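Overview (structure and organization)
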Amino acid sequence: MFAEFWGDSTVVGQVGPSAGKSFASLLASKFGLPVRMNAANGSCSADQAIAILVFRTD
Amino acid sequence: MSFAPTSISVILEGVNDTQRYFTPAQHAYFKGFYAELLSRLSYLSRVSCRDAGMVKTGAWANTQPGWSEGCSSNTAGSTASAVLKGRTFLVGTTLQDYFGSPVPGVAEVRVDGDLVGAYSSNGQGMPTAHNTFAPAAFRFPGKEEGEYTVEVKVISGFIYLEYLLGSEQPQGEKIFALTPTRTYQPSDNGAMSTALGIIVKQLVLDFQADGRDVHLVDVAAKQTPAHVTADLIHLNDAFNKIIADDVFAAYMSALPPPVFTETICYESEGKGYMGIGGRMVQVYP
């Protein structure tokens, strides 16, 4: 099982929070799960972008 | 150990994204889009416009976007209906802007012949990437819990229909919906995130009323100017920690009482469990 994060760079940790300190990383660590980041795009301009953090199996 | 394909979803809309919804119409697009997210995550089944279970009359054609599973009609009087169980019903649609020149339309929604509301596929001015199409969902009250024929009838213009679904069905994912955060740039007085937060709170109540496993985490209420980076836009480390702490606390409080055991994990009667901090907690019912 792992935590999979979908969102733009604002929330995956490329901009804003320091590496490993985005809420996605912190939350996944509370569950003891590895986190996979999936940036919707390379900037902060994802239209109607919503960050979704899911916990699921392979 | 057994888990649902996806057990938990956390939804955060904030910072740059919430700066895109200025007008009341755009707030309505946000509501439709967010409802669509909750719908997709919390309901396991739906009858798409292209399914055999959708009975259509008049003229319908498949919708253009590649992600669409729906159809559209610009022939007044065309109908699409499905037999669904529940006491509330969701209509999934595609909003269209057509680069600023949509063909606004209206469709009526009936439950066993009784008019319960109407919707439009007009997405003029919506803040999507290509100003053409965007998914949205609308919720309609029905009657007592039961099985009904839900019908969409084209009254005018272009109408898009992705799917119909009823509220009586197994749980989907456990969802944590976070209130939208804001920037602290001079142009942002916080009104937009506040308005969108009201929408999120109401949608959570609506979906809870329909029996969905949806939980509000009001992180926006804790945000201060000290919680953004030097650009006054992005959430800093301190606030990311607050979000993680609050979602985790909401997750723990949303669970049934933990079962203490030394076993790491087990599966019983279709229920999934996982070990957290030496405790066993139910992951999904």
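Thresholds applied
Residue numbering note: each chain is counted from 1, following its sequence as written. Labels are handed out in written order, letters beginning with A for the chains and numbers beginning with 1 for the ligands. A pLDDT threshold of at least 70 governs which residues receive local features in this predicted model, and a stricter bar of 80 or more applies before side-chain atom pairs are shown or counted, although totals over entire chains, interfaces and linings include all residues. Per the convention used, a helix needs a DSSP run of H or I reaching at least four residues, while a strand needs a run of E reaching at least two, with both numbered from the N terminus. Comment: burial labels come from other C-beta atoms within 10 Å of the residue's own C-beta, placed from the backbone, where a count of 20 or more is buried, 12 or fewer is exposed, and between is partly exposed. C-beta atoms are placed from the backbone for every residue, and two residues are taken to be in contact when these atoms lie within 7 Å. Strand pairing follows a simple DSSP-based rule, namely that at least 2 bridges must link the two strands. Expected span, for any helix, means 1.5 Å times one less than how many residues it has. By convention, orient the strands away from the viewer: a clockwise path from the first strand over the helix to the second makes the crossover right-handed. What counts as an axis is a line fitted to C-alpha atoms, over the stretch in contact for a helix, and the angles between N-to-C directions run from 0 to 180 degrees. Working rule for angles: under 35 degrees goes down as roughly parallel, over 145 as roughly antiparallel, 65 to 115 as roughly perpendicular, anything else as oblique. Working rule for handedness: look at the near helix, and if it is turned counterclockwise from the far one by less than a right angle, call the crossing left-handed; if clockwise, right-handed. Note on residue classes: Ala, Val, Leu, Ile, Met, Phe, Trp, Tyr, Cys and Pro are nonpolar, Asp, Glu, Lys and Arg are charged, and everything else, Gly too, is polar. A score from 0 to 100, pLDDT tells how confident the predictor is in each residue.

1. Side note on the overall build of chain A
- In terms of helices and strands, chain A carries two helices and three strands.
- Mapped from its N terminus to its C terminus, chain A presents α and β elements in the order β-α-α-β-β.
- For chain A, with 58 residues in total, the buried portion stands at 47%.
- Within chain A, residue pairs in contact and separated by at least 24 positions form 72% of the contacts whose partners lie at least 6 positions apart.

2. Considerations on the sheet that holds strand β4 (residues 61-62) of chain B
Residues and elements named next belong to chain B.
- A sheet is described by the order of its strands in space; here three strands give the open sequence β4-β5-β10, paired in antiparallel fashion. The sheet is open, and its two borders are formed by β4 and β10 (159-161), each paired with just one other strand.
- Relative to β10, strand β5 (residues 71-73) runs antiparallel, the two sharing three bridges. What sits directly across from S72, in β10, is Y160.

3. Here we look at the pairing of strand β9 (residues 133-156) of chain B
All names here are of chain B.
- Sheet topology note: the strand β6 (residues 79-96)/β9 ladder contains 17 bridges and is antiparallel. Paired with S81 across the two strands is E151, which belongs to β9.
- Direction of pairing for strand β7 (residues 106-111) relative to β9: antiparallel, over a ladder of six bridges. Its bridge partner being in β9, V111 is matched across the sheet by V150.

4. Quick notes on the environment of V83(B)
- Note that V83(B) resides in strand β6.
- Dropping the residues within four chain positions of it, V83(B) is found in contact with E147(B) and T149(B).

5. Details of helix α2 (residues 191-209) of chain B
All names here are of chain B.
- A rise of 1.5 Å per residue sets the reference length of α2, with its 19 residues, at 27 Å; its end C-alpha atoms lie 27 Å apart and thus fit the reference within 8%.
- Buried-residue contacts for α2 involve α1 (24-42), β12 (174-178) and β13 (214-217).
- Phi turns positive, to about 85°, at G211, one or two residues after α2.

6. Overview of unusual backbone geometry
- Positive phi values are uncommon outside glycine, yet D112(B) reaches one of about 50°.
- Within the element layout of this structure, D112(B) appears in the loop between β7 and β8 (114-119).

7. Observations regarding the pairing of β12(B)
All names here are of chain B.
- A large share of β12 lies buried, amounting to five of its five residues.
- Bridging between β12 and β13 involves four bridges; their strand directions are parallel. Paired with I175 across the two strands is V214, which belongs to β13.
- At this point the chain moves from β12, through α2, to the parallel β13, and the crossover so formed is right-handed.

8. Some thoughts on the environment of V154(B)
All names here are of chain B.
- Note on placement: V154 falls in strand β9.
- Along the backbone, V154 and V106 are 48 residues apart, and their C-alpha atoms lie at a distance of 6.4 Å.
- Discounting chain neighbours no more than four positions away, the residues touching V154 are S73, T75, A76, G77, S78, G105, A107 and I159.

9. Thoughts on the packing of helix α2 (residues 23-30) of chain A against helix α3 (residues 237-254) of chain B
- Contact pair α2(A) / α3(B): the axes reach a minimum separation of 8 Å and the direction vectors enclose 40°. On the basis of the axis angle, α2(A) is oblique to α3(B). In this structure, α2(A) meets α3(B) at a crossing whose hand is right-handed. Note on element contacts: α3(B) touches α2(A) through N240(B), K241(B), I243(B), A244(B), V247(B) and F248(B), opposite F23(A), L26(A), L27(A) and K30(A).
- For the contact of α2(A) with α3(B), the class distribution of residues is seven nonpolar, one polar and two charged.

10. Considering the packing of α1(B) against α2(B)
Residue and element names in this part refer to chain B.
- Contact pair α1 / α2: the axes reach a minimum separation of 10 Å and the direction vectors enclose 35°. In this structure, α1 meets α2 at a crossing whose hand is right-handed. Residues H27, F30, K31, Y34, A35, L38 and S42 of α1 form the contact with α2, whose participating residues are A195, L196, I199, V200, L203 and F207.
- Taken together, the residues of the contact of α1 with α2 sort by class into 10 nonpolar, two polar and one charged.

11. Points about the environment of K31(B)
- Along the polypeptide, K31(B) turns up in helix α1.
- Linking K31(B) and G197(B), residues 166 residues apart in sequence, is a C-alpha distance of 10 Å.

12. Focus on the confidence of the model for chain A
All names here are of chain A.
- Per-chain confidence: chain A averages 58 in pLDDT, with 29% of residues scoring 70 or above.
- When pLDDT is averaged over each element of chain A, α2 comes out on top at 80 and helix α1 (residues 9-12) at the bottom at 47.
- Note on residues 8-14: pLDDT is under 50 here. Beyond four places in sequence and across chains, it has 32 contacts.
- Across residues 40-50 the pLDDT falls below 50, and counting only partners more than four positions away or on other chains, this stretch makes 30 contacts in the model.

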